[in-house]
Amino acid sequence: MKTSAVVRLLDAALRPSEPTASAKEISRLMEALTPEALGLKVPHRGARAAAGSSASAPSEVLTHTIYEGRELELVIFFFPPGASLPLHDHPGMTVYSKVLYGSLALLAYDWEEPVTRQELEGASEK
């Protein structure tokens with residue numbers, strides 16, 4: 001039986017290993033991930049353009065959780081044209097992203113001074 005791309009990705013992410021090796025493997029598996037592997041059908045270009053101009057087209061970002069565990073969460077985000085997320089942080093996390101179809105602009109910022117573990121823990125308690 002062939003192992004699905006999602007199962008291989010979750011196995012790599014949950015396997016205890018050296019962080020750099022794990023990150024390289026996860027990046028490689030993410031690169032190979034396709035909409036079809038996630039059960040998604042990519043709308044053809046004309047359908048996307050029509051949906052984007054329709055008054056009934058969704059304007060908010062939708063999500064679908066594929067896997068949720070103590071150490072890992074795999075979520076699909078659906079961004080309609082023009083949608084955005086507010087500025088936010090992922091303290092103490094590593095985030096991998098992949099655009100399955102369409103395009104997405106990303107702005108990322110680094111702290112001028114590194115945040116301490118104590119500051120991160122204090123922020124998560126609020």
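Parameters at a glance
- Residues numbered from 1 in each chain as written.
- Predicted model: local features only at pLDDT ≥ 70, side-chain atom pairs only at ≥ 80, totals over all residues.
- Heavy atoms only, no water.
- Helix = DSSP H or I, 4+ residues; strand = E, 2+ residues; numbered from the N terminus.
- Expected span 1.5 Å × (residues − 1).
- Buried < 20%, exposed > 50% of the residue type's maximum accessible area, 1.4 Å probe, protein only.
- Arc of directions from axis to C-beta.
- Contact = heavy atoms within 4.5 Å.
- Phe/Tyr/Trp six-rings, centres within 6.5 Å; stacked < 30°, edge-to-face > 60°.
- Salt bridge = Lys/Arg side-chain N within 4 Å of Asp/Glu carboxyl O.

1. Description of helix α2 (residues 19-32)
Part 1: Given a rise of 1.5 Å per residue, 14 residues ought to cover 20 Å, and the 20 Å separating the end C-alpha atoms of α2 matches this to within 8%.
Part 2: Within α2 the residues assigned to the buried category are Ser22, Ile26, Leu29 and Met30. Angularly, the buried residues of α2 cover 100° about the axis, an arc narrow enough to put them on a single face. Facing away from the buried side of α2, by more than 90 degrees, are the exposed residues Lys24, Arg28, Glu31 and Ala32.

2. A closer look at the side chain of serine 22
Part 1: Among the secondary structure elements, serine 22 is positioned in helix α2.
Part 2: Classification of serine 22 by relative accessible area gives buried; the value is 11%.
Part 3: Beyond its immediate chain neighbours, meaning those up to four positions away, serine 22 contacts Ala12 and Ser17.

3. Here's the deal with the packing of aromatic side chains
Part 1: Tallying each qualifying case throughout the model produces one aromatic pair.
Part 2: Here phenylalanine 77 and phenylalanine 79 contribute two aromatic rings whose centre-to-centre distance is 6.1 Å and whose plane-to-plane angle is 25°, an arrangement assigned as stacked.

4. Describing the pattern of salt bridges
Where charged atoms of side chains with opposite charge meet at close range, the side chains can pair.
Part 1: On inspection of all chains with the given rule, the structure shows three salt bridges.
Part 2: Across the pair glutamate 25 and arginine 15 runs a salt bridge whose closest N-O atoms are separated by 2.9 Å. Residue glutamate 25 is found in helix α2, and its partner arginine 15 is found in the loop between α1 (5-14) and α2; the two are separated by ten residues along the sequence.
Part 3: With a relative accessible area of 25%, glutamate 25 lands in the partly exposed category.
Part 4: Across the salt bridge formed by arginine 70 and glutamate 71, the nearest N and O atoms sit 3.2 Å from each other.
Part 5: Look at glutamate 71 and you get exposed, because its relative accessible area is 59%.
Part 6: Members of the salt-bridge network, linked through shared partners, are Arg15, Glu25 and Arg28.

5. Section: the environment of serine 27
Part 1: Note that serine 27 resides in helix α2.
Part 2: According to the relative accessible area criterion, serine 27 is partly exposed, its value standing at 36%.
Part 3: Between the C-alpha atoms of serine 27 and lysine 98, which are 71 residues apart in sequence, the distance is 9.5 Å.

Honestly, it's all geometry; don't read function into it.
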